[in-house]
Structure formats: structure tokens, C-alpha cells
Amino acid sequence: MPAYGLTRARTMGPIAEAITAAGGSVARVFGRAGIPLTLLDTPDRLILLRDQLRLVDAAMREIGDPALPARLSMRTGITGLGPIGQQVQSAATLGAALARVEIVTPLLLQTATWTGLRRQDRSAFYGYAVAERIDSGRQANEILALGYLLGTVRHFLGPAWRPERAVVTGAHLAERPRIEALLGCEIVLGARAGLVFPADHLEAGNPKRFDPTQAQAAEDEPIGEDLVACVTHLIELGLDGARPTIDGIAGRLGLTRRTLQRRLEETGRRYADLQRTVLIRRAKVLLSDETLPIGRIGVELGYADAAHFSRAFLHWTGTTPSDWRRRTHMQLRPLLTV
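Source: prediction; values computed, not measured.

Enquirer: Now, about the packing of helix α5 (residues 83-90) against helix α6 (residues 94-109): what can you tell me, with residues and values included?
Expert: Remark: α5 packs on α6, axes separated minimally by 9 Å, with the N-to-C direction vectors making an angle of 165 degrees. In terms of axis orientation, α5 runs roughly antiparallel to α6. Both α5 and α6 take part in a crossing whose hand is right-handed. Every residue of α6 that contacts α5 at Pro83, Ile84, Gln87, Val88 and Ser90 is listed here: Ala97, Arg100, Val101, Val104, Thr105, Leu108 and Leu109. Of the residues contributing to the contact of α5 with α6, the split by class is 8 nonpolar, 3 polar and 1 charged.

Enquirer: With reference to specific residues and values, describe the packing of aromatic side chains.
Expert: Enumeration over the complete set of coordinates arrives at 6 aromatic pairs. Their ring planes at 75 degrees and their centres at 6.3 Å tell us that Phe313 and Trp324 sit as a pair that is edge-to-face. You can see Phe313 sitting in helix α14 (residues 306-317) and its partner Trp324 sitting in helix α15 (residues 321-336), a full 11 residues away along the chain. Overall, Phe313 belongs to the buried group, its relative accessible area being 0%. The rings of Tyr303, Phe309, Phe313, Trp316 and Trp324 are connected pair by pair, giving a single aromatic cluster.

Enquirer: Outline unusual backbone geometry, supporting the account with residue identities and numerical values.
Expert: For Asp121, which is not glycine, the phi dihedral falls at a positive 55 degrees. Classification of Asp121 as exposed rests on a relative accessible area of 75%. Even without being a glycine, Glu175 presents a positive backbone phi close to 60 degrees. Secondary-structure assignment places Glu175 in the loop between β5 (165-168) and α8 (176-183).

Enquirer: Can you tell me about empty space enclosed by the protein, naming the residues and giving the values?
Expert: Applying the stated criterion to the full structure yields 2 cavities of 30 Å³ or more. Roughly 330 Å³ of internal volume is contained in the largest cavity. Around the largest cavity, the lining is made up of 23 residues, and of these Leu81, Leu109, Gln110, Tyr128 and Tyr148 lie nearest the centre. Counting residues per element, the ones that place at least two in the lining of the largest cavity are β1 (6-8), α5, α6, β3 (113-120), β4 (123-130) and α7 (138-157). With 6 residues, the top contributor of residues to the lining of the largest cavity is α7.

What counts, and where the lines are drawn
- Residues numbered from 1 in each chain as written.
- Predicted model: local features only at pLDDT ≥ 70, side-chain atom pairs only at ≥ 80, totals over all residues.
- Heavy atoms only, no water.
- Axes fitted to C-alpha atoms, helices over the stretch in contact; angles between N-to-C directions.
- Helix = DSSP H or I, 4+ residues; strand = E, 2+ residues; numbered from the N terminus.
- Parallel < 35°, antiparallel > 145°, perpendicular 65-115°, else oblique.
- Left-handed = near helix turned anticlockwise from the far one by under 90°.
- Contact = heavy atoms within 4.5 Å.
- Nonpolar A, V, L, I, M, F, W, Y, C, P; charged D, E, K, R; others polar.
- Phe/Tyr/Trp six-rings, centres within 6.5 Å; stacked < 30°, edge-to-face > 60°.
- Buried < 20%, exposed > 50% of the residue type's maximum accessible area, 1.4 Å probe, protein only.
- 1 Å grid on protein atoms, 1.4 Å probe; cavity = no way out; pocket = protein on both sides within 12 Å on 5 of 7 lines; lining within 4 Å.
- Points joined across faces, edges and corners; volume = space filled by probe spheres on them.

Here it is, written out as C-alpha cells:
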């Protein structure tokens with residue numbers, strides 16, 4: 001069964017800022033990529049990696065800037081990667097930092113992805129690769145990743161450091177001089193994206209070591225990369241617009257409806273079960289806000305009116321939305337007055 005890449009939505013904000021600065025339409029770009037604008041307010045939400053690539057491609061076309069991926073990653077830097085950046089900044093040496101990144105990236109930032117170190121004689125290769133088969137936007141994604149790889153190494157070796165060569169895949173790289181100027185290094189085409197540099201650089205110490213005990217604990221939960229987790233995230237994301245259908249979810253994964261049903265059945269789950277779980281969770285979150293009318297909550301969850309939503313909620317939980325809200329706030333009231 002193929003792996004489906006999921007990634008945090010942190011890069012959505014910088015992409016939107018770049019579109020606005022260039023005079024483009026953020027709403028049009030997000031619409032073309034099929035991604036809700038609400039992601040701009042929820043950077044820790046998960047989206048399909050292929051959807052992120054679709055968004056970057058749409059943004060490049062909107063503002064006519066093939067070098068946008070390099071510009072984004074160089075502007076954001078490793079601090080924009082959240083807990084991944086903290087892992088880099090708190091490591092004692094460059095080699096220790098790269099070892100940490102290889103372990104935590106698929107857990108906290110992006111699945112179906114390899115970011116790690118390979119040594120050959122006196123050379124080191126700090127590489128990036130996507131395990132999922134993605135035909136469109138792969139090179140742009142590699143350029144985006146190169147900026148973060150460079151930021152990691154330059155944290156230890158200084159902002160002027162240049163690798164022996166940076167590598168991206170593909171037969172041609174549009175606007176190579178502009179991208180090289182932004183990244184500050186030469187780029188060649190090869191079999192796998194990454195940076196090549198002398199292996200002895202791995203012993204470089206951390207000149208500005210970050211103390212993780214002085215920072216807030218990372219809020220990111222480990223990303224589940226199985227099909228059930230992936231479908232669940234897509235249903236949650238789809239609720240930001242119209243209620244997602246199994247056909248729509250299957251299409252986003254490049255599957256037929258029947259194939260998705262069969263693969264879920266192999267895990268002992270059904271699409272309807274996953275959708276019900278997501279709807280219950282979202283309903284309870286919305287009901288916790290006493291200012292939201294129950295009818296509006298029902299509409300946001302895809303129901304025609306409050307009555308249809310109330311019947312569904314009663315079937316799920318054994319209580320009506322109004323009774324659940326009242327009981328929940330009665331339980332919370334003593335805590336809020338302490």
C-alpha cells in the first residue's frame with residue numbers, strides 16, 4: 001500500500017504573504033489548489049503533501065515567479081519549522097542535528113519523506129526525497145526543501161557557507177541563475193536532491209546553542225501516516241468547506257471510491273465510521289462556544305437545519321446538542337470561578 005504524505009500547514013502563511021506582496025489573489029490561488037483559506041489561521045493542521053505542492057505551483061503561476069520556493073524557504077528559515085528548528089538549534093554538533101532531523105521530520109512535520117545524511121569516503125550528502133509518487137511540483141518542492149537544508153547547515157557554519165554543490169532532480173531547472181542567487185550556491189541536476197560537502201564539517205559545534213528547557217513545549221502531535229489517519233485528516237479539512245464525500249476524498253488520494261473502501265475495510269474501518277468520529281469531535285468543539293447558535297453549528301457540519309443536526313447528535317451521543325452544552329458548561333463553571 002503506498003504512503004501518502006501529510007505535512008503541517010505552516011508554509012501557507014508565507015505563501016499567502018508572497019502572493020499578496022506581488023499583487024496576486026490569495027483566494028484564487030487557494031481555490032485553484034482546492035485548499036480552504038482557514039488553514040492560514042491553523043498552521044498546525046495537516047494537509048496532503050501533494051496539495052501543498054499544488055498550492056506552491058498555483059502561487060508560482062499566479063505571480064509569475066519560478067523562484068518562489070527558494071524565496072519562501074530562505075525567508076522563513078529553520079525557525080519556521082517549529083519543533084524541527086528547535087531540534088537543530090539545540091544539537092551540540094552539525095552531525096547530531098542532522099541525525100535528529102532524520103528521526104523527527106516524518107514524525108512531526110512531513111510524512112512519506114526522507115531527510116537525512118549519507119557518507120561516502122570524505123564527502124557527506126544531506127539529502128531530501130519524497131517517497132510518494134508525485135509527478136507535478138516535485139522539483140519546486142525540492143527547491144523549497146533545499147532552502148531549509150541550507151539553513152540547517154548554515155546555523156553551524158555561518159550564513160556565507162556554500163556546499164560543494166546543491167542537487168535537484170529533473171532534466172531542466174527554470175530560472176536557475178535566480179534560484180542560485182537566492183540560495184547562495186550552485187545547483188546541479190542529479191538523481192536525488194540534497195547538499196554535498198566535506199564530511200569533516202559534521203564535527204562543527206553549535207555557535208548559538210538553544211536551551212530547549214527555556215522554550216515552551218512543542219504542541220505538535222506525532223503525525224499518523226497510515227491510510228486511516230490520512231482519510232481522517234482530509235475529512236477534518238473538508239469540513240472547513242462543504243462536507244466532504246467519499247468520492248471527493250478518494251479523488252484527492254488518486255483512488256477510486258471502491259479501492260478506498262476496500263483499503264479501509266482491510267484496516268477494519270469504514271468511511272462512514274471515520275466521518276462520524278470527525279463530526280462528533282467537531283460538533284463538541286463548536287458546542288463548547290456558547291455564543292454559537294445550534295442551527296449555525298448544524299449548517300457548518302453540513303446539515304440542512306438545527307433539527308437534522310440535533311437528531312444526528314442525539315443518535316451519536318444519546319443526548320441533544322443543547323443538553324450536552326448545558327451539562328458541559330455546568331461541569332466547567334466551578335473550574336472557571338476558582
